[in-house]
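Each chain, letter by letter, is given below.
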Amino acid sequence: AFLPICQIIIKGEGGLGMPSSHSSWQWANISSYAAGANNKLYHFLPFTKTPACGTYCANLKTCFFVDIIVLLVLVISALSTVSEPTADDDNLDHEDPFFEQVKAAFRSFGRPMWSLFLVTTLNWIAWFPFLMYNTDWVGTEVYGGFLDGNHQQRNFYDMGVRAGALGIMLTAASLGLMSLAVDPLSKLLGGSRYLWGIVNFVPSACLASTVWVTRKAEHGRNSMPTPYSPPKTDVKTATFALFAATGIPQAVTFSIPFALASMFSSETGSGHGLSLGVMNLAIVIPQMFVALISGSLDAAFGGGNLPAFVLGAISSALSGIFALTILPSPVSKA
């Protein structure tokens, strides 16, 4: 909820600093994921560990407490520092109800906006499986752990999840750096839609490569003299490189679609705020779709996270193709 609101505010201030604002957020993400990879995080709030709540539970509770404090500080700071124009009561009396405004927004969307909806929907069908299951993939397929297994299996699963948290930290770092390059790369390639289309093939390659990394990890475990051994260095390196690479297209995904939505809505006069709000439907509906089918899809192919990742690879490739072919360039070049 915070991300689209912040984007609307930044766009309302002239859109200046939109890519760099994403960069600033990612440096905060880096420290957050680094903290999440620390198995002794509960020492920051030692009262969270009790006889009924062990180390993992205490770490989780500590994260929740820190989140609450940060959100309270953020809300108080926003309410006290961000100014908005006061709404005119006379205008409010003549405004249409919310759902009427949404229907009007859909009716006013032309072909460019519907094309953007299609590309964004395919894009998030690709992203959501990995964003939802990436640490579980590292814990289960890469490290060979099992959450409901014996002590050693649970230990390796925990090691894998913490390694996945470090991988997400690398994702945030590369995302922050790439955010600074979005604008010059868009100009270099002749428009933001070309940049978006090209980088959509990066998550396709990354998600497809999870199959290779998983097979490599399984082969390494089978060649070990003991049944439970951490993955070899080359497997860990490939896993972390994969996480780092996903930050490059994420920087584009988190900025370019919203910028295009603002430009297309300006051309049709449908309004920035409402268009960006409706745009979120192209994000949350694919997420619900993936959440509903991913479990059945994985079970149909013998379990694990790879079937959902392969679906994401195909969807990402399609989104890249459609971005380059059917998505028009805005009148004001992005």
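Above this text you will find the structure in question.
The following refers to the structure shown. (Residues numbered from 1 in each chain as written. Predicted model: local features only at pLDDT ≥ 70, side-chain atom pairs only at ≥ 80, totals over all residues. Heavy atoms only, no water.)

Describing the nonpolar core
Thinking step 1. Within the largest apolar cluster, 27 residues are counted, with the highest numbers of intra-cluster contacts made by L116, W196, V252, L260 and L327.
Thinking step 2. Contributions of two or more residues to this core are made by helix 6 (111-142), helix 7 (151-179), helix 9 (192-199), helix 11 (233-253), helix 12 (256-268), helix 13 (272-279) and helix 14 (281-300).
Thinking step 3. When residues in this core are grouped by element, the largest group, 6 residues, is from helix 6.
Thinking step 4. Residues within four places of L116 in sequence aside, it is in contact with W196, P257, L260, A261, F264, M279 and L327.
Thinking step 5. F130, A163, C206 and F309 belong to the second-largest nonpolar core, a separate cluster that totals 19 residues. (Core = buried A, V, L, I, M, F, W, Y, C linked by side-chain atoms within 4.5 Å. Buried < 20%, exposed > 50% of the residue type's maximum accessible area, 1.4 Å probe, protein only. Helix = DSSP H or I, 4+ residues; strand = E, 2+ residues; numbered from the N terminus. Contact = heavy atoms within 4.5 Å.)

Considering the environment of L147
Thinking step 1. Position of L147 among the secondary structure elements: in the loop between helix 6 and helix 7.
Thinking step 2. L147 gets classed as exposed once you look at its relative accessible area, which sits at 52%.
Thinking step 3. Each C-alpha atom, one on L147 and one on D136, is 9.2 Å from the other, the two residues being 11 residues apart in sequence.
Thinking step 4. With residues near it in sequence (within four places) discarded, L147 still touches R154 and Y157.

Focus on the state of the cysteines
Thinking step 1. Taken as a whole, this structure holds 1 disulfide when the rule is applied.
Thinking step 2. Here C53 pairs with C57 through a disulfide, and the sulfurs are 1.9 Å apart. Because the sign of the S-S torsion sets the handedness, a value of about -105° for the bond joining C53 and C57 places this disulfide among the left-handed ones.
Thinking step 3. Residue C57 is classed as partly exposed on the basis of its relative accessible area of 34%. (Disulfide = S-S within 2.5 Å.)

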